[in-house]
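# Working through the structure, step by step
So the chains spell out like this:
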Amino acid sequence: MHLSKIWLAPGRLDNAWEWHRALWTLFPDIERQAGEPAPFLYRMENMNLAQGAEVLVQSSIKPGAASDRARVLATRTIDPRPHTGQLLSFRLTANVTKAIRDKDQPERKIRVPLIKEEQQIDWLMRKLNGAADKLSALRVQSHPPTYFRKGRRPGKIVSVTFEGALNVADPDMLREVMEKGIGPAKAFGCGLMLVRRRA
C-alpha cells in the first residue's frame, strides 16, 4: 500500500463530493466501475477554501504525481504487519451511523448518525470485532457536519475522530479492516484507520 500527503487545489472545496473527484484525477489509468470501491481511502487534514487542502491518502496503487486538481506532496510505501497481542495506537475518522426504516417509505432504509459517545464507542467495537479488542486511552472528537452536493442531490454527513490504543486479536482481519476502511461515507473522507506501534 501507499501513504501519500496530497494537496487539493482550491475552487470547489466547499462541496465534499469534489474532494473525492479531485483525488480520482491522480489515478487516471483506473477504469471506474459503478458500485466498485475506489482504490484509495483518505482523511482531510487541513482545509483552506482560498489556498487549498491537505489530504492523507492510503491507496493500493501509487498515485500519479499531479493533475490539474491535485498534487502529491510526499508518498511512501507501507506494509503493516501487526501481530497477535500487539498494542497499537490508532486514529480513525468515521461516519458513525445506524440504518433505520424511512417512516414515509418503509421499504427504504436511511442512515442516521449516532450522537451519544457510548453509542459511538459501541459502534467502533462492533466494527473491530474479531480484529482487535481491549480499546484503551480512547478519545472521541465530534466534528461539524460536512455538506456535499452530488449532481442535484444535496446531503450531509456527521463524522467523529477516534484516537486511542487497541490490542491486536487477529492480524489478518485487522489488516483487511485497514485496507477496506471502516463504515460508510468513504467518498467523503471517512473510514481510513492508521496505526502505529506504541512508544
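Summarised in this report is the structure supplied together with it.

Time to look at the overall build of the chain. Within the chain one finds 3 helices and 12 strands. In summary, the chain has a C-alpha radius of gyration of 17 Å against a globular reference of 16 Å for 199 residues, a match within 12%. In terms of principal-axis extent, the alpha carbons of the chain reach across some 50 × 45 × 30 Å. Taken across its 199 residues, the chain has 42% of its residues classed as buried. Summarising the internal contacts of the chain: among those between residues at least 6 apart in sequence, 69% fall at separations of at least 24. Entry remark: accessible area of the chain is about 11600 Å², with carbon and sulfur atoms responsible for 48%. The averaged location of the 21 negative side-chain charges in the chain is 3 Å from the averaged location of its 33 positive side-chain charges.

Looking now at the nonpolar core. As a rule of thumb, nonpolar side chains are buried together in soluble globular proteins. Ile 6, Leu 8, Leu 23, Phe 40, Tyr 42, Val 57 and Phe 188 are the most contacted members of the largest nonpolar core, which totals 24 residues. Only strand 1 (2–8), helix 1 (16–24), strand 2 (40–48), strand 3 (52–59) and strand 4 (70–77) provide two or more residues apiece to this core. The leading source of residues in this core is helix 1, at 6 residues. In contact with Leu 23, not counting residues within four places along its chain, are Ile 6, Leu 8, Phe 40, Tyr 42, Val 55 and Val 57.

Two orientations exist for strands paired in a sheet by backbone hydrogen bonds: parallel and antiparallel. The sheet built from 4 strands is open, its strands ordered 2-3-1-4 with antiparallel pairing. Where the open sheet ends on each side, the last strands, each with one partner, are strand 2 and strand 4. Ignoring strand direction, the axes of neighbouring strands in this sheet form an average angle of 20°. Relative to strand 3, strand 1 runs antiparallel, the two sharing 7 bridges. Within strand 3, the residue paired with Trp 7 across the bridge is Glu 54. Contacting strand 1, strand 2, strand 3 and strand 4, helix 1 runs over the sheet at an angle of about 120° to strand 2.

Here we take up the side chain of Glu 18. The residue Glu 18 is located in helix 1 in this model. Reaching out from Glu 18, the side chain makes a polar contact with the side chain of Arg 21 at a distance of 3.2 Å. A polar contact is formed between the side chain of Glu 18 and the side chain of Arg 69, at a distance of 2.9 Å. Setting aside residues up to four positions removed in sequence, Glu 18 forms contacts with Arg 12 and Arg 69.

What follows deals with the sheet that holds strand 11 (residues 160–168). Taken together, 4 strands build an open sheet; the order of strands is 8-11-5-12 and the sheet is antiparallel. The sheet is open, and its two borders are formed by strand 8 (132–142) and strand 12 (193–197), each paired with just one other strand. Geometrically, the sheet is characterised by an average inter-axis angle of 20° between neighbouring strands, direction not taken into account. As judged from the 8 bridges shared by strand 5 (residues 87–94) and strand 11, these two strands associate in the antiparallel manner. Across the sheet, residue Leu 88 finds its bridge partner in strand 11, namely Leu 166. On top of the sheet, helix 2 (residues 117–127) reaches strand 5, strand 8 and strand 11; it is set at about 140° to strand 8, its chief contact. Contacting strand 5, strand 11 and strand 12, helix 3 (residues 171–180) crosses the sheet at an angle of about 135° to strand 12.

Of the positions making up helix 2, those classed as buried are Gln 120, Trp 123 and Leu 124. Here the buried residues of helix 2 occupy an arc of 95° about the axis, which is enough to place them on one side. Those residues of helix 2 that are buried are in contact with strand 5, strand 6 (97–101), strand 8 and strand 11.

Calculation criteria
- Residues numbered from 1 in each chain as written.
- Predicted model: local features only at pLDDT ≥ 70, side-chain atom pairs only at ≥ 80, totals over all residues.
- Heavy atoms only, no water.
- Helix = DSSP H or I, 4+ residues; strand = E, 2+ residues; numbered from the N terminus.
- Rg over C-alpha atoms; globule rule 2.2 N^0.38 Å.
- Buried < 20%, exposed > 50% of the residue type's maximum accessible area, 1.4 Å probe, protein only.
- Contact = heavy atoms within 4.5 Å.
- Areas by Shrake-Rupley, 256 points an atom, 1.4 Å probe, with all protein chains shown as cover.
- Lys, Arg positive; Asp, Glu negative; His and termini not counted.
- Charge placed at Lys NZ, Arg CZ, Asp CG, Glu CD.
- Core = buried A, V, L, I, M, F, W, Y, C linked by side-chain atoms within 4.5 Å.
- Pairing = 2+ DSSP bridges.
- Axes fitted to C-alpha atoms, helices over the stretch in contact; angles between N-to-C directions.
- Polar contact = N/O pair within 3.5 Å; in protein donor to acceptor, adjacent residues only side chain to side chain.
- Arc of directions from axis to C-beta.

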